[in-house]
Amino acid sequence: MKRGIVALTGLALVAGCTAGTPEPDRTDRPDVTLRLVAFDSCPDALTDLRAAARKSVGPWGLGPERAVLFGDAPGDRAAAGSSAGGRGPATAPQQHSATNNHEAAADEPDVVKTDGTRIVSIVGSKLLVVDPNRRVQTSELQLGRAAGAGHWWLSKLLLHGDRAIVLAAAAYDPPAGVVRPSVGLPTDTRALLIDLAGAPRLLGSYRIDGELVDARKINDTVRVVVRSRPRISFPPYAKDATDAERVAANQAAIDRAPVEDWLPRYEWTEGNERRTGQLPCNRLSRPTGHTGSGLLNLLSFDLGTGRLGDGDPIGVVAEGETVYGTADSLYVADHRGGRLVTTRRGGSGAPSEVSTGLHRFDLTSPGRPRYVASGSVPGHLLNQYALSEWKGHLRVATTTDPDGRSRTGGSSSAVYVLRTDGDELRRVGMVDGLGRGERIYSVRYLGDTGYVVTFRETDPLYSLDLRDPTAPRVTGELKITGYSGHLQPVGDGRLLGVGQEADQRGARQGLLVSLFDVADPAKPTRLAHYHRPGTYSPAEHDPHALLFWPASGLVVLPVSGRQHVGQEALVLRTDGSRLTEVGRIAHPGVDHRAGIIRSLMVGDTLWTLSDVGLQATDPTNLAGRRWIPAT
């Protein structure tokens, strides 16, 4: 998805922290000072939330703190079983691919997972389990809809041994007497814990107010981030009132709102037992400069216990878009600024200055993550791949005008290096001036080397030397037409770029897959490329859609275009210096449901997934081995 995840566990225990101070000899653009402070009591929280919301409320109510840029109880459930799980699959796991995650230690939820003994996927409202050895579907579970839920979307899962956790967002109609959220549609987030030992069965469920942002699984623990909005009862819109009168009426509604209007409610089930709760005030913290228009809530589920419990919720009064996780740290990025100040409200019509706040959380000790430090950098991130931790330093790539609103063409990109210094993420080095007048389209860090692609009319691929964190520098630049929206390592000294070809004026001309030789960072070159006019691949923006299988050099990605309704799977092969097309795979059907969205390897078989089923294919000649329809 285009939003990120924020992990904020343990924030309520933090008394305060100060953001990193910019080093004046590095840049003349100021950092944004950040402090995170826990509320002492509910009255303290209410006073602060009301004051912030009064300042930010407009004629039409509360809105998000910023514009999003880069546009980035179940039915049919069985009785709960033993938390220890039962007998797993009888066959030994085969060598298999994994989700194409940013970091191997931080697993990301997706619509399909495999452990080499089973393939588990979500198709529609069903959880399907396939035995890849016998190539048959062994079981399914109708996930259904919890009471009061409407349309489900963003359903994804994570695996942990014989258990899966399914995460989904749902729109619903609030019951009578329940106020709708102040912004957007009424949504909630659902989590289902499922035992996969034998026939799948539900162990427990969880529901919380708010929109699902994302989740990560690090070791045994899944952390789910939910963005919730206040449920303040604003007066009906008065057509004959002035903006000032509407604002005054909305401020009066805020002054009457209790603290509970900001705190998300949750409920969870275990078997026939149902419990409810609400985020406690003493688990809520605030950064300086917040608007009171939304909360980020973190839930922590230990899949090793066989139960969900109450999720141990923690909240912060903030927005959040991006998370980057390693085995030891979680970094949270909070985009600020970038909104147009409209002339109707007396503004200039120019976008506000953009910056990115950054928070680091330590995962090295058992229990809840520990908040460590905060800092900020100018500009906005493209996605989590713009962040990378290496030898105690955080590298951050940003663009100052990522959505091209500036009329002066003054956009520029930079890579900053930060170090934890007490409670600060302090900037220790930077290299700027990348792609002036352009924005970042992809970033990849490989150890002490970084690669950044910017684009407007041509594609400069910059290679960066990051060995000295105090003096990062550009070492090489390759200019070609088109751009790469995702950079995938495919062996020593090789990068695969997935994006779009373009003419000299920057007009896009269809899918472009490029094989780069970056063994010498001073002289990056393109060894081979594959161009398919009039087509596009979701892998450009969603790395989960890309499969690279190092054992055979296989590259598989979904491709769609004007020639066909659904998405085919394009199969390429690289030997390190060439790109050759093996062929294409299509699923039966003529509508969009037959479009292939994922691919994975289990043993010597290539599997592809669509909404109509899974197909087993021989990866050497693409001969079909078995079609398993989603019944």
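Residues numbered from 1 in each chain as written. Predicted model: local features only at pLDDT ≥ 70, side-chain atom pairs only at ≥ 80, totals over all residues. Heavy atoms only, no water.

Draft legend 1. Layout of the nonpolar core. Membership of the largest hydrophobic core comes to 29 residues, with the highest contact counts inside it found for L358, V396 and V415. Counting residues per element, the ones that place at least two in this core are β18 (329-336), β20 (370-378), β22 (393-399), β23 (413-421), β24 (424-434), β25 (439-446) and β27 (458-465). With sequence-adjacent residues up to four places away left out, V396 is seen in contact with L358, V377, L381, A386, L387, A414, V415, Y416, L418 and Y445. In terms of nonpolar packing, the next biggest core, distinct from the first, is built from 21 residues, A45, A53, A253 and A257 among them. (Core = buried A, V, L, I, M, F, W, Y, C linked by side-chain atoms within 4.5 Å. Buried < 20%, exposed > 50% of the residue type's maximum accessible area, 1.4 Å probe, protein only. Helix = DSSP H or I, 4+ residues; strand = E, 2+ residues; numbered from the N terminus. Contact = heavy atoms within 4.5 Å.)

Draft legend 2. Layout of the packing of aromatic side chains. Evaluation of the coordinates by the stated rule reveals seven aromatic pairs. An angle of 45° between the planes, with centres 4.4 Å apart, marks the rings of Y441 and Y483 as tilted. Pair noted here: Y441 is in strand β25 and Y483 is in strand β29 (residues 483-489), with a separation of 42 residues, a long-range link. The class of Y441 is buried, set by a relative accessible area of 12%. When its relative accessible area of 4% is taken as the criterion, Y483 is described as buried. Each ring, one from F455 and one from Y483, has its centre 4.9 Å from the other, and the planes form 50°; the classification is tilted. Of the two residues, F455 sits in strand β26 (residues 449-455) while Y483 sits in strand β29, which places them 28 residues apart along the sequence. (Phe/Tyr/Trp six-rings, centres within 6.5 Å; stacked < 30°, edge-to-face > 60°.)

Draft legend 3. Spatial organisation of the state of the cysteines. One pass over the structure, following the stated rule, counts one disulfide. Across the disulfide, C42 is cross-linked to C281 (sulfur-sulfur distance 2.0 Å). Between C42 and C281 the disulfide shows an S-S torsion of about 100°. By sign, it is right-handed. C42 gets classed as partly exposed once you look at its relative accessible area, which sits at 34%. For C281, a relative accessible area of 6% translates into the label buried. (Disulfide = S-S within 2.5 Å.)

Draft legend 4. Layout of unusual backbone geometry. For N219, which is not glycine, the phi torsion reads 60° and is therefore positive. If you trace the backbone, N219 turns up in the loop between β10 (211-218) and β11 (221-228).

Draft legend 5. Representation of the sheet that holds strand β38 (residues 598-602) within the structure. Here four strands make up an open sheet; going across it, the order is β38-β39-β40-β41 and the pairing antiparallel. Of all strands in the sheet, those bounded by a partner on one side alone are β38 and β41 (624-629). Between one strand and the next, the sheet's axes are offset by a mean angle of 20°, whatever the strand orientation. Relative to strand β39 (residues 605-610), β38 runs antiparallel, the two being bridged by five bridges. Across the sheet, the residue bridging to R598 is L609, located in β39. (Pairing = 2+ DSSP bridges. Axes fitted to C-alpha atoms, helices over the stretch in contact; angles between N-to-C directions.)

Draft legend 6. Region of the structure containing the environment of G210. Relative to the elements of secondary structure, G210 occurs in the loop between β9 (201-209) and β10. Look at G210 and you get buried, because its relative accessible area is 6%. Once the C-alpha coordinates of G210 and D188 are considered, the two residues, 22 residues apart in sequence, prove to be 4.5 Å apart. With residues near it in sequence (within four places) discarded, G210 still touches T187, D188, T189, V226, R227 and S228.

Draft legend 7. The sheet that holds β26, seen in detail. Pairing in this open sheet of four strands is antiparallel, and the strands run β25-β26-β27-β28 from one edge to the other. The open sheet has two edge strands with one neighbour each: β25 and β28 (473-481). Pairs of neighbouring strands in the sheet enclose a mean axial angle of 20°, with direction left out of account. For β27 and β28, the ladder comprises eight bridges, and the chain directions are antiparallel. Paired with S463 across the two strands is G476, which belongs to β28.

Draft legend 8. View of helix α1 (residues 42-56). When the terminal C-alpha atoms of α1 are compared, their 21 Å separation across 15 residues agrees well with the 21 Å that a helix rising 1.5 Å per residue should span. Residues A45, L46, L49, A52 and A53 constitute the buried set of α1. For α1, the angular spread of buried residues about the axis comes to 145°, placing them on one side. Exposed residues pointing more than 90 degrees away from the buried face of α1 are listed as P43, T47 and K55. Tucked inside the fold, the buried residues of α1 contact α2 (243-256) and β14 (284-287). Regarding α1, its N-cap is S41, as a side-chain oxygen of that residue lies 3.2 Å from the backbone nitrogen of D44 further along. (Expected span 1.5 Å × (residues − 1). Arc of directions from axis to C-beta. Polar contact = N/O pair within 3.5 Å; in protein donor to acceptor, adjacent residues only side chain to side chain.)

Draft legend 9. Summary view of the packing of α1 against α2. For the pair α1 and α2, the least separation of the axes is 9 Å and the interaxial angle reads 170°. One element, α1, and the other, α2, form an angle in the roughly antiparallel class. From α1, R50, A53 and R54 reach across to α2, where they touch Q251, I254, D255 and R256. Considering only residue class, the contact of α1 with α2 consists of two nonpolar, one polar and four charged. (Parallel < 35°, antiparallel > 145°, perpendicular 65-115°, else oblique. Nonpolar A, V, L, I, M, F, W, Y, C, P; charged D, E, K, R; others polar.)

Draft legend 10. Representation of α2 within the structure. Its 14 residues place the ends of α2 20 Å apart at the C-alpha level, agreeing with the 20 Å of an ideal helix rising 1.5 Å per residue. Here the buried face of α2 lies against α1.

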